[in-house]
Protein chains: 4
Amino acid sequence: MQLAMIGLGRMGANIVRRLMRDGHDCVVYDVNADAVQALVAEGATGADSMADLASKLEAPRAIWMMVPASLTGKVADEVAAVLDEGDILIDGGNSNYRDDVRRAKTFRERGIHYVDVGTSGGVFGLDRGYCLMVGGPDEAVQRIEPVLRTIAPGVGEIERTPGRTGDLTPEEQGYLHCGPSGAGHFVKMVHNGIEYGIMASIAEGLNLLHNADAGVREAEHSAEIAPLEEPEFYQFPIDTSKVAELWRRGSVISSWLLDLTAAALAENPQLDGLAGRVSDSGEGRWTVKAAVDVGVPVPVLAASLFERFASRGEDHFANQVLSAMRLQFGGHQELPAGDVLEAGARKAESD
Amino acid sequence: MQLAMIGLGRMGANIVRRLMRDGHDCVVYDVNADAVQALVAEGATGADSMADLASKLEAPRAIWMMVPASLTGKVADEVAAVLDEGDILIDGGNSNYRDDVRRAKTFRERGIHYVDVGTSGGVFGLDRGYCLMVGGPDEAVQRIEPVLRTIAPGVGEIERTPGRTGDLTPEEQGYLHCGPSGAGHFVKMVHNGIEYGIMASIAEGLNLLHNADAGVREAEHSAEIAPLEEPEFYQFPIDTSKVAELWRRGSVISSWLLDLTAAALAENPQLDGLAGRVSDSGEGRWTVKAAVDVGVPVPVLAASLFERFASRGEDHFANQVLSAMRLQFGGHQELPAGDVLEAGARKAESD
Amino acid sequence: MQLAMIGLGRMGANIVRRLMRDGHDCVVYDVNADAVQALVAEGATGADSMADLASKLEAPRAIWMMVPASLTGKVADEVAAVLDEGDILIDGGNSNYRDDVRRAKTFRERGIHYVDVGTSGGVFGLDRGYCLMVGGPDEAVQRIEPVLRTIAPGVGEIERTPGRTGDLTPEEQGYLHCGPSGAGHFVKMVHNGIEYGIMASIAEGLNLLHNADAGVREAEHSAEIAPLEEPEFYQFPIDTSKVAELWRRGSVISSWLLDLTAAALAENPQLDGLAGRVSDSGEGRWTVKAAVDVGVPVPVLAASLFERFASRGEDHFANQVLSAMRLQFGGHQELPAGDVLEAGARKAESD
Amino acid sequence: MQLAMIGLGRMGANIVRRLMRDGHDCVVYDVNADAVQALVAEGATGADSMADLASKLEAPRAIWMMVPASLTGKVADEVAAVLDEGDILIDGGNSNYRDDVRRAKTFRERGIHYVDVGTSGGVFGLDRGYCLMVGGPDEAVQRIEPVLRTIAPGVGEIERTPGRTGDLTPEEQGYLHCGPSGAGHFVKMVHNGIEYGIMASIAEGLNLLHNADAGVREAEHSAEIAPLEEPEFYQFPIDTSKVAELWRRGSVISSWLLDLTAAALAENPQLDGLAGRVSDSGEGRWTVKAAVDVGVPVPVLAASLFERFASRGEDHFANQVLSAMRLQFGGHQELPAGDVLEAGARKAESD
C-alpha cells in the first residue's frame, strides 16, 4: 500500500527502506532535503513540503510521522492542515500517551483518524524489524495493517509459544492493536519501564561481580570506609566480559539486553571512557507516574529510574543533608577516601 | 571421558543423558534404586553404594554430585570417604559459595580436588544444554573440560557477539572457569539475583498494564481508596497475554523469561488458581547479603527480593504498625474495601 | 482580627476554638447547621449561607476554607461569588498544590487574593497548635499573620536551635510563608512524603524485631519456605511495645511518630484486629510524581508508598505473574503454607 | 554501686561522669593514661593496667567496656583473664550482636556473666542520658540495674504515653532488658537501621524542596537532560533551612533527627563544604542482612543503605554498564552536562 513518512532520521528512513523492500509505495518528507534525496535515490517519492506530500498521496491518505516527541504536536498540526476527512495520521515516535488521548480527540472532531504506534527496535530494526504497539480506532488500524505487517519483525526464527496453535495472530508477527487511542504508546511506555528494570538488574549484578575481589583489595589498601568483615569470601577476580558472554547461552537470564551488554564488554572490557552519567528518556518517568496514579506498586521500576537520577548527581543535596546530620549527632566528619582509620576509632563513641 | 553422577533427580538424570548422547561413559548412583535402574536401561553403569560407585571408576576419578543443597555437605563427606588423592569431586547443585570455600579447603588438605559448578537451565536443559559457571583449581577444571563442553549448550544458533573473532572461547560455548573455589556458585548466585530483578521488572510492568483500565473500573465502582485523579487517561483494557507475546518479537526486552511469561499467559491468561505467594530460593538472599558486605548498591535486586517476601505476607506486622499509627494521629480507621466515602470526608481533617 | 471559617469538621472547628481562645473574632459556616450551632455556643458568630457569611465580615474579608480536598474547587467558587476585590480566600485543606497554582491565577484576575495553607497537627492540634506552611502573595500573607501566629504552636517548650539568636522568626513559631501560590501545599506535600518514609522506617524495623525469634519458631514448625540458615542468631522474643517506649528516651530516633507508635502498642501490644490494609492520601503520591518530574531520586519515599499499595493487595497480579513464570521454568508449584519439604527436595533441580 | 569503665573516649568518659554525678563509684582504665588522669581529677579511681583495675574492684566485679567494635574481642579476652567466676563483663560498644551470642557462650562456660548494651545518645548523652538496650542473663542484668538507671535518661520531661499507669517501668526510664545475650545489640542494630531510614526520608524530602525551583532554572539554562514537562509547577524557591525549623513545631514529623537537621542548616544553609560522601557504620548493613535472613521485607531501610553506598560512588561500574548498553542499542552517546540538545533530537529514533 501507499504510505507517507514524515521525519527521515535513522528510524524513519529505515522504516521506509523496510517498506520499499516489501513492495510498498513510499512518499517521504523531511525538513532536511538531503535526507529526502537519499531515499529518493533508493526508490521513494520525494516531497518538498507538507502540501506537496499531501498532493502525492491517494485518498484516503496514510501518513506516518517519525519525529522527536517534542516536535510531534507542531508537526501533527501542520500535517493536519493538509489532510481531509477519512485520512489517517500515525504518530510512530515516542510520544506521551496522554498527548495521544488529547490529540486523537481533536483530530476525531475533524474526521481525521489518529493512530499511535509505539515502535521498538533501535538501530537493529531495519533487518530485525520493529515491534509495533498500536492504539487507535479499529477502522484505521485495520486499514494500515499491510504496512504494520511489513514493518514488524514477523515470526522470524523465534520458536512458537507452547500452547499456541492455528493461524498466526498479529502479536506473533510483531504488531498488536492494543486498544483505543493512546494504548499503543501506553504499552510502549511500560515496555521501556520494564527495560529500565532489566538493564538495572544486569548492571547491579555485574557491579557485584566486579567487586567480588573486595577481599583482595582490602588486603592491599588497609583503610576502607567500613572494614570488610569476612574478606576470605570476596577473593574472586571475575571477568565480567566473559560472564556476560557465558550467560548468553543456556542461562535463565539470556536476553537481548544481555547480548548488548556482552557486545559492549567485548569491545571495552573495562568500560574505559564512560563516566556513568546515565540519561533517561520520558518513558521510565511516565511509567512510574502512571503506576502511582493507579496505585500499582512498582518498587523495582522506580528504583531503576532513581538510580539513573543519582548517577547524574541529582542525589547531591540529599547526601549533603545526610553528612550534615551525621556531623551534628556524632561529630562525624566526612572522610576523604583513604583516611578512615580515625573514623573507625571514633566509631565506638557515637549514634 | 568417564564421569560419575550422584543424585538422579530430574537435573542429574538429564545431565547423564546429555553426556551419554555425546559418548561419555557414566556411572550413576542415587538412594532411589529405581532412578538408577532407569538410567541403566538407557546405557549407564549403575552403582548400589558409594563404595560400589568408587570401585567402578578409573583413577583419578571424577564425581559429580547433583543433590539438594541441604544434603550436599553430608553427601560430600560420604563420597570423600571412598575417594583417593587426585580424585575430583564436583558440586553441581545450588550451594552457597561460602560452603564451597570452606569445603574446598578441607578437601584440598586431603588431596581431593573440589570443583563447584553453578548450573542454569531448568527443565529445558536436556535439549538446550546447561549454562555452567565453574570455580576451582585450574588442574581439576581442565581435566573435566570434556564433560563441561558436552553439558553446556555450545554455540547453538546464537549469533556471535560483534567484535569477537578467532577460535570460540569456552564462554561462547556455555561454560566458564570463573575463578578459584566458590567462584562458580558466586557467579550463579548473582545470575539468580539478576533473574529475580528481571522477573520483577516484567511482573510489575504487566501489573501496570493489567490496571490500565482503572479509569473504567472507577466509573463502575464509585468508592475507591484514593479516587483516581484523571480517569480519562486510564481507559485501556489491555490483554497482557497478547502483549507478552508481542514483545517476544523485535522489542528491546525480548528474553527467555519473557518467552516463559508469554507461555504462562497463553496457557492461563487470567492466571486463575495462582495465589501469588512467591517463593524464593537462597540465591536471591545471598546476592543481597554479598552486596551489602562489599558495599555495592543493589536497590533493584533487593526490591525484587522484598516483593517476594511481601507476597507471602511477611510484611504483615509492619502494615499493622502503619495502620495503628494512622489510627493514633488522625483517628483514621482501617477501611474495609468498599467503604471509603466517609474516609474521604474525614480526610480534610488530618495529618 | 476577624476570620471566617467555612467547614466545621474536627479540624476547622478546632482552629476556630484556638482562634477564639486568643481573642480573635470568628464567623463560621458549614452545610451542617448543628456544627455551626456548636461553635456559636462557644462564642462564634454563625452564618447560614455564603451570602450571610460575607455580609457579616468587614472588608477586606479573610475567609478560611477547611473542607475535603475533593470539594475545595466547588466551595472556592461559591465563596468567590460573594467576595469583593481585595478579599482573601484561604485554602487550609489538603489540596494538590497544582490546584492552588491554577486557582490563584483565576482569582488573581478577579482581584481576590488566594492563600494556600498546608496544615499539620491532626487531632492534637487544638492544644498543640498546627504547623502552618503558607503560599501566596506577600500582601495577603502579611495581612493574615495575626491569625497564623495564633493557630501555630508558637515556640512552646522546644529548645531553640543552636546558632539561632535574636528575635524569633515566624518558622520558630510554627508558621512560614514558603513562597508564591502553591508553595504552602507543596511543602505540606513533601512533609507528608517524609512522614510516609519515617512511618515505614519504624514499621519495618519493628517488623524485624517482631521476627527476631524466627529461629525459635523454626524449631517448632519444622517446615518453612526457605529454611533459616543460622537459627541460633534469631532466638530473641522481643516485646516491641516495650522497645517503642524505650526509644522515646534518649535514642536518636525519638520522634512524635514514635510516640504515637508507643501509644498504639501500649493500647494493643499485638495489634489485634488490624488487618494491615494501609490507606494513603494524595500527598505521598504527589511527592513521588513531583520528584520524578524534577529528576530527584526518592527511593525511600517511593518504597514507603509502594509498601502501602502492596498492603492492600495491589501487587496481586504481579505476584501471580511471578508464580506463573516459576511454574514454567522450573516446574515450581506454588506451595500452600506448611508444605515445603518437597519443594526443598526439588530445589536442587532448578533455575 | 561500683563500676569499672574500660575505654575512656568521649562516650566512655561521659558515662563515667554521669555515674559519678549520681554517686556511683567508678574505677577507670584506658591505654591512654591522660584520659585516665582526666577522670581521676574528677573523682574516679584510676587504674594503670587490667590487673590493677581488677584488684581495685570488689567481688563480684562489674566491668563496662566502651571500646571500638573492632577491638572489643581482644579487650574482652584481656579483661576476662583477670576476672573471677561471678563477675560481670559488659560490652557497651557497637558490637555485632552475633559476636555477643558467641562471646556470651564462651564466657558462660567460664562462669563469667556477659551483658551486651546497645547505647544510643551521641555527644548529647552526658546531659540527656543514654538510651540503653540490654541483653544478657537475668541475674547479671538485675545486679547492674542501679547503674543502668543512672546512665539512662530517666523519665525527663517527656509526656507519659497514654494508657500507661502505675509505677514507671524500666523502658519508661530509658533502659530495657530486651532478652538473652545479643538482644541488646540486636535492638540497637535495628534502631540504627530505622535511623538510616528516617535520615534518608528527611534528606530526600529536603532535596525535593531544594529542587522545587527546577522550572525557574529550566528557563535560565535551556538545555537540560530531560526537559521538564510542566515548568509552571516548579517555580518555588524554597528555603530548606527555614522549612526544617518550621517542621520542628507541631508537625507530624517532628523528631530529634529533624532538630539536628535544622541545626545543621541554621549553621550552614547551603551545606557548603560537604561533599555528600555519606559513611555507614555496620548496623545499617547488619539490619538488612538480618531482615534477609528471617525473610522480613525492608525495602525502605535497604534503600536508605544503598543510597549511602551510591553517595560514595559504589554504583559506578553499574552506571558505566548502563551507559554502555545505551550506546549499543540506540547509539546513545553519554552526554556531558550542558550538551543535551542533540540528544533530544536523537531521542525519537531509539529504544
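Only a predicted model underlies this, so the values are computations on that prediction, with no experimental measurement involved.

Peer 1: Describe in detail the overall build of chain A, supporting the description with residues and values.
Peer 2: Along chain A, the regular secondary structure elements total 16 helices and eight strands. For 351 residues, the compact-globule formula gives about 20 Å, and the C-alpha radius of gyration of chain A, at 26 Å, lies well above that figure. When the backbone C-alpha atoms are referred to their principal axes, chain A occupies close to 80 × 45 × 45 Å. The buried share of chain A, reckoned over its 351 residues, is 66%. Partitioning the contacts of chain A with sequence separation of at least 6, the portion at a separation of at least 24 is 62%. Surface exposure of chain A reaches about 11700 Å², of which carbon and sulfur atoms provide 49%.

Peer 1: Tell me about the domain arrangement of chain A, residues and numbers included.
Peer 2: Residues and elements named next belong to chain A. Along its sequence, chain A is organised into domain 1 (2-156 + 170-180) and domain 2 (189-218 + 227-238 + 275-330). Once you take the C-alpha centre of each, domain 1 and domain 2 turn out to be 37 Å apart. Every contact between the two is made by seven residues of domain 1 and, on the other side, five residues of domain 2. It is Asn 94, Asn 96 and Tyr 97 in domain 1 that bury the most area against domain 2; as a group they hold 60% of the surface buried on that side. Here domain 1 and domain 2 share one salt bridge between them. Between Arg 98 and Asp 293 there is a salt bridge, and its shortest N-O distance comes to 3.0 Å. The tally of links between domain 1 and domain 2 comes to one residue pair in polar contact (both at pLDDT 80 or more). A breakdown of the residues in the side of domain 1 that touches domain 2 according to their chemical character gives two nonpolar, four polar and one charged.

Peer 1: Which residues make up the sheet that holds strand β7 (residues 131-135) of chain A, and what values go with them?
Peer 2: Residue and element names in this part refer to chain A. One open sheet holds the eight strands; their spatial order is β3-β2-β1-β4-β5-β6-β7-β8, and the pairing between them is mixed. Two strands lie at the open edges of the sheet, namely β3 (45-46) and β8 (175-179), each paired on one side alone. As paired elements, strand β2 (residues 25-29) and β3 share two bridges and run parallel to each other. Across the sheet, the residue bridging to Val 28 is Gly 46, located in β3.

Peer 1: Explain the sheet that holds strand β6 (residues 113-120) of chain D residue by residue, including any values.
Peer 2: Residues and elements named next belong to chain D. Spatially, eight strands are ordered β3-β2-β1-β4-β5-β6-β7-β8 in an open sheet, and the strand pairing comes out mixed. Looking at which strands have only one partner, the edges of the open sheet turn out to be β3 (45-46) and β8 (175-179). Note: strand β4 (residues 62-65) against strand β5 (residues 88-91), four bridges, orientation parallel. Bridge pairing in β5 links Met 65 to Asp 91.

Peer 1: Go over the packing of helix α13 (residues 282-294) of chain B against helix α14 (residues 299-311) of chain B, please, and point to the residues and values.
Peer 2: Residues and elements named next belong to chain B. Across the interface, α13 lies against α14 with an axial gap of 10 Å and an inter-helix angle of 135°. Here α13 is positioned oblique relative to α14, judged by the angle of their axes. For the crossing formed where α13 meets α14, the hand is left-handed. Counted together, Gly 284, Arg 285, Thr 287 and Val 288 of α13 and Leu 301, Ala 302, Leu 305 and Phe 309 of α14 form the full contact between these two elements.

Peer 1: An account of the interface of chain C and chain B is requested, with residue identities and associated values reported.
Peer 2: Between chain C and chain B, the residue contacts involve 84 residues of the former and 85 residues of the latter. On inspection of chain C and its partner chain B, the count reaches zero salt bridges. Between chain C and chain B we count 10 residue pairs in polar contact (both at pLDDT 80 or more) in total. Contributing elements (two or more residues each) for the side of chain C that touches chain B: α1 (10-21), β6 (113-120), α10 (183-210), α13 (256-267), α14 (282-294), α15 (299-311), α16 (316-330) and α17 (341-347) of chain C. Element by element, the count of residues in the side of chain C that touches chain B is highest for α16 of chain C, at 15 residues. A per-class count over the side of chain C that touches chain B returns 36 nonpolar, 27 polar and 21 charged.

What counts and what doesn't
- Residues numbered from 1 in each chain as written.
- Chains lettered and ligands numbered in written order.
- Predicted model: local features only at pLDDT ≥ 70, side-chain atom pairs only at ≥ 80, totals over all residues.
- Heavy atoms only, no water.
- Helix = DSSP H or I, 4+ residues; strand = E, 2+ residues; numbered from the N terminus.
- Rg over C-alpha atoms; globule rule 2.2 N^0.38 Å.
- Buried < 20%, exposed > 50% of the residue type's maximum accessible area, 1.4 Å probe, protein only.
- Contact = heavy atoms within 4.5 Å.
- Areas by Shrake-Rupley, 256 points an atom, 1.4 Å probe, with all protein chains shown as cover.
- Domains from an automatic or database assignment.
- Buried area = accessible area lost by both parts, 1.4 Å probe.
- Salt bridge = Lys/Arg side-chain N within 4 Å of Asp/Glu carboxyl O.
- Polar contact = N/O pair within 3.5 Å; in protein donor to acceptor, adjacent residues only side chain to side chain.
- Nonpolar A, V, L, I, M, F, W, Y, C, P; charged D, E, K, R; others polar.
- Pairing = 2+ DSSP bridges.
- Axes fitted to C-alpha atoms, helices over the stretch in contact; angles between N-to-C directions.
- Parallel < 35°, antiparallel > 145°, perpendicular 65-115°, else oblique.
- Left-handed = near helix turned anticlockwise from the far one by under 90°.

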